[in-house]
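This is what each chain is made of:
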Amino acid sequence: YVLVSDKYSSKEAVQKMNRPVLVIVGKKDKVIDRKFGKEIFTTLKTSQKWLWEIPKGGHIDTFHDPKGPYRDQFINLLEGLPQDR
C-alpha cells in the first residue's frame, strides 16, 4: 500500500462489466501469476465469461503461432457471440 495503491483495481472495474469476457492465463507466465487471472474471472458478474488456461503459455504468446489451436478457437468464440445492433 505504500508504493502501489488499489485506485485502479481491476477487481472493481470487472464487477461493473456486462459484456462477454475472455480471460486468458498462461501456465508459464513469468510476468503475472495465473492466480490473478483466475481471481478476475471469479470476480466477473457477467453471465458470458470464459477462462482459457494455456498449458505452455507465457505472458503474451497465445496467438504468436498463426497455425496454433487458439487462434481458431478465438475466432469461433467471436463468431458465436451475438452482434450489437
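Scroll up for the structure.
What you see is a predicted model; the values in this text were computed from it and never measured.

Cut-offs used in this document
The numbers attached to residues start from 1 for each chain and follow its sequence in the written order. The model is predicted, so local features are restricted to residues of pLDDT at least 70 and side-chain atom pairs to those at 80 or more, both for listing and for counting; the totals for chains, interfaces and linings are taken over all residues. As a rule here, side-chain values come from all non-hydrogen atoms in the structure, and water together with hydrogens is ignored. Secondary structure elements are defined from DSSP: runs of H or I of at least 4 residues count as helices, runs of E of at least 2 residues count as strands, and each element is numbered from the N terminus. Note on classification: 1.4 Å probe, protein chains only; a residue is buried when its accessible area is under 20% of the maximum for its type, exposed when over 50%, partly exposed between these limits. Contacts were defined at the residue level, with two residues in contact if any of their heavy atoms lie within 4.5 Å. Calculation of accessible area relied on Shrake-Rupley with a 1.4 Å probe; when residues are assessed, cover is drawn exclusively from the protein chains displayed. All tallies of charge rest on Lys and Arg as positive and Asp and Glu as negative; His and the ends of each chain are not included. Charged side chains are reduced to one point each, which is NZ for Lys, CZ for Arg, CG for Asp and CD for Glu. The patches reported here contain residues having more than 30% relative accessible area and no salt bridge. Joining distances are 9 Å for like charges and 5 Å for nonpolar side chains (Val, Leu, Ile, Met, Phe, Trp, Tyr). Basic side-chain nitrogens of Lys or Arg form a salt bridge, by our definition, when they fall within 4 Å of a carboxyl oxygen of Asp or Glu. What the arc describes is the spread of directions from the helix axis to the C-beta atoms. Within 3.5 Å is the distance limit for a polar contact, defined as a pair of N or O atoms, with the added protein rule that one can donate a hydrogen and the other accept it, and that residues adjacent in sequence qualify only through two side-chain atoms. In plain words, nonpolar cores are sets of buried Ala, Val, Leu, Ile, Met, Phe, Trp, Tyr and Cys residues tied together by side-chain atoms within 4.5 Å.

Student: Explain the overall build of the protein chain here, please?
Tutor: Counting its secondary structure elements, the protein chain contains 3 helices and 2 strands. Going residue by residue from the N terminus, the α and β elements of the protein chain occur as α-β-α-β-α. In terms of its C-alpha atoms, the protein chain occupies a principal-axis envelope of roughly 45 × 35 × 15 Å. Within the protein chain, the fraction of its 85 residues that count as buried is 22%. Considering only contacts within the protein chain whose residues lie at least 6 apart along the sequence, 69% involve residues at least 24 apart. Total accessible area on the protein chain is roughly 7100 Å²; 52% of this is exposed by carbon and sulfur atoms. Computed over 16 positive and 11 negative side-chain charges, the inter-centroid distance for the protein chain is 2 Å.

Student: Explain a nonpolar patch on the surface here, please?
Tutor: On the surface, Val31, Ile32 and Phe36 cluster together to form a nonpolar patch covering roughly 290 Å² of accessible area. Note that phenylalanine 36 resides in helix α2 (residues 34-43).

Student: Explanation requested: α2 in the structure shown.
Tutor: One turn of the α-helix equals 3.6 residues, which is why residues spaced by three or four share an orientation. Those residues of α2 that sit buried are Gly37, Phe41 and Thr43. The buried residues of α2 occupy an angular sector of 165° when projected down its axis, which confines them to one face. On its buried face, α2 sits against α1 (10-14), β1 (21-26) and β2 (49-54). The opening residue of α2 is aspartate 33, an N-cap whose side-chain oxygen sits 2.9 Å from the backbone nitrogen of lysine 35.

Student: Help me understand the nonpolar core, please; the structure alone is not making it clear to me.
Tutor: General note: in soluble globular proteins, nonpolar side chains tend to be found buried as a group. Of all hydrophobic cores here, the largest spans 6 residues; its members are Val14, Val21, Val23, Val25, Phe41 and Leu44. In terms of residues, this core owes the most to one element, β1, which gives 3 residues.

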